[in-house]
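These are the residues of each chain, in order.
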Amino acid sequence: MEHVLKRPDAYVGSLETITQNLWVYDSESKRMVHREVRYVPGFYKILDEILVNAADNKVRPVIGIRAFGSDSGCRSTTQPWIR
């Protein structure tokens, strides 16, 4: 974990605020407008990853495993069983 804190740009991108012209939604005019936006690329990457993972989990098919544990009647207590 310490190496991530020392070099976050290697994992999520820059932590410096940048200014860039981007297309954004203007809620007042209800249109896309091209304007100057300031943001932190590393924070954007983290939010993007959260949304992509949420979308992946939403469309992932559900498999038929209902429970997972160990059978106390087995000699090995690490023997898995699926109900």
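Residues numbered from 1 in each chain as written. Predicted model: local features only at pLDDT ≥ 70, side-chain atom pairs only at ≥ 80, totals over all residues. Heavy atoms only, no water.

Caption draft 1: Layout of the overall build of the protein chain. Broken down by element type, the protein chain carries two helices and four strands. Taken from N to C terminus, the helices and strands of the protein chain fall in the order α-β-β-α-β-β. Here the protein chain holds 83 residues, and the buried ones make up 6% of them. The contacts of the protein chain with a sequence gap of at least 6 include a subset with a gap of at least 24, amounting to 18%. Carbon and sulfur atoms make up 55% of the accessible area of the protein chain, which totals about 7800 Å². (Helix = DSSP H or I, 4+ residues; strand = E, 2+ residues; numbered from the N terminus. Buried < 20%, exposed > 50% of the residue type's maximum accessible area, 1.4 Å probe, protein only. Contact = heavy atoms within 4.5 Å. Areas by Shrake-Rupley, 256 points an atom, 1.4 Å probe, with all protein chains shown as cover.)

Caption draft 2: A look at the pairing of strand β2 (residues 31–39). The pairing of strand β1 (residues 18–26) with β2 spans nine bridges and is classified as antiparallel. Its bridge partner being in β2, tyrosine 25 is matched across the sheet by methionine 32. Between β1 and β2, which pair antiparallel one after the other, the connecting turn spans four residues, and lysine 30 there sits at a positive phi close to 55°. (Pairing = 2+ DSSP bridges.)

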